[in-house]
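Commentary on secondary and tertiary structure
One-letter residues, chain by chain:
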Amino acid sequence: NIFKEGMWFKALTPYMLILTNNDPIQVGNMLTLNGVTRAFVGVASGRLLINNYGVEAIWIVTGFVGILSLLINVVCLSQSSVG
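Keep in mind it's a predicted model, so treat the numbers as computed, not measured. Think of each chain on its own: its residues are numbered from 1, step by step along the sequence as written. It should be noted that, the model being predicted, local features are given only for residues of pLDDT at least 70 and side-chain atom pairs only at 80 or more, the latter also being counted only at that level, while totals for whole chains, interfaces and linings use all residues. Only heavy atoms go into the side-chain values, all of them from the structure, while hydrogens and water stay out.

Turning next to the overall build of the protein. Put simply, DSSP marks the helices as runs of H or I at least four residues long and the strands as runs of E at least two long, and each gets a number from the N terminus on. Counting secondary structure elements, the protein contains three helices and zero strands. The N-to-C order of helical and strand elements in the protein reads α-α-α. Counting every position in the protein, which comprises 83 residues, the buried fraction comes to 10%. Each residue is assigned to one of three classes by its accessible area relative to the maximum for its type, calculated with a 1.4 Å probe on protein chains only: buried under 20%, partly exposed between the two thresholds, exposed over 50%.

Moving on: the packing of helix α2 (residues 24-53) against helix α3 (residues 55-78). Angles here are taken between N-to-C directions and fall from 0 to 180 degrees, while the axes themselves are lines fitted to C-alpha atoms, restricted in helices to the stretch in contact. Packing of α2 against α3 leaves a shortest axis separation of 6 Å and a crossing angle of 115 degrees. Residues Leu-49, Ile-50 and Tyr-53 of α2 lie in contact with α3, whose contacting residues are Val-55, Ala-57 and Ile-58. Residue contacts follow a heavy-atom distance rule, with two residues in contact if any of their heavy atoms lie within 4.5 Å.

With that out of the way, let us pick up α2. Along an α-helix, residues three or four apart share an orientation, since each turn contains 3.6 residues. A helix is expected to span 1.5 Å multiplied by its residue count minus one. Helix length check: α2, at 30 residues, gives a terminal C-alpha distance of 40 Å against a target of 44 Å (1.5 Å per residue), a fit within 8%. Taking the largest bend as the criterion, α2 deviates by roughly 45 degrees, centred on Ser-45. What α2 keeps buried is the set Val-27, Asn-34, Ala-44 and Ser-45. Where α2 ends, the next residue or the one after it, Gly-54, has phi of about 95 degrees, a positive value. Note that the bend at a residue is defined as the angle between axes fitted to the seven residues ending at it and the seven residues starting at it.

Take a nonpolar patch on the surface next. In this analysis, a patch consists of residues with relative accessible area above 30% that form no salt bridge, clustered at 9 Å for like charges and at 5 Å for the nonpolar side chains Val, Leu, Ile, Met, Phe, Trp and Tyr. Using the Shrake-Rupley algorithm and a 1.4 Å probe, accessible areas are obtained, with residue cover drawn only from the displayed protein chains. Any Lys or Arg side-chain nitrogen found within 4 Å of a carboxyl oxygen on Asp or Glu counts as a salt bridge. Nonpolar side chains collect at one region of the surface, where Leu-48, Leu-49, Ile-50, Tyr-53, Val-55 and Trp-59 lie side by side and expose about 620 Å² of accessible area between them. Looking at the nonpolar patch, the elements with two or more residues in it are α2 and α3. With four residues, the single largest contributor to the nonpolar patch is α2. By secondary structure assignment, the location of Val-55 is in helix α3.

It is worth spelling out the confidence of the model for the protein at this point. The predicted coordinates of low-pLDDT regions are not to be read in fine detail. Across the protein, the average pLDDT comes to 77, with 78% of residues at 70 or higher. Confidence scores per residue from the predictor, reported as pLDDT, run from 0 to 100. Looking at the elements of the protein, mean pLDDT is at its lowest for helix α1 (residues 2-19), recorded as 62, and at its highest for α3, recorded as 86.

Listed below in structure tokens is the structure:
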């Protein structure tokens with residue numbers, strides 16, 4: 001888990017620099033928003049979703065959300081305004 005988290009942040013920062021046109025303030029804001037979002041989702045999924053619906057159902061939902069997120073990234077990165 002530590003390796004995965006470390007690799008994610010190593011990949012996330014250059015990606016943010018590209019999207020923000022090398023603006024360090026926006027990168028800091030994006031990292032803060034990412035951390036707060038991850039903390040909220042972690043607590044909400046552990047306390048609410050997994051306890052009420054079970055691990056297997058949440059894994060299925062997470063898989064669909066992950067695939068949807070990948071498709072959104074592909075669409076956004078293929079737009080001429082990003083590139």
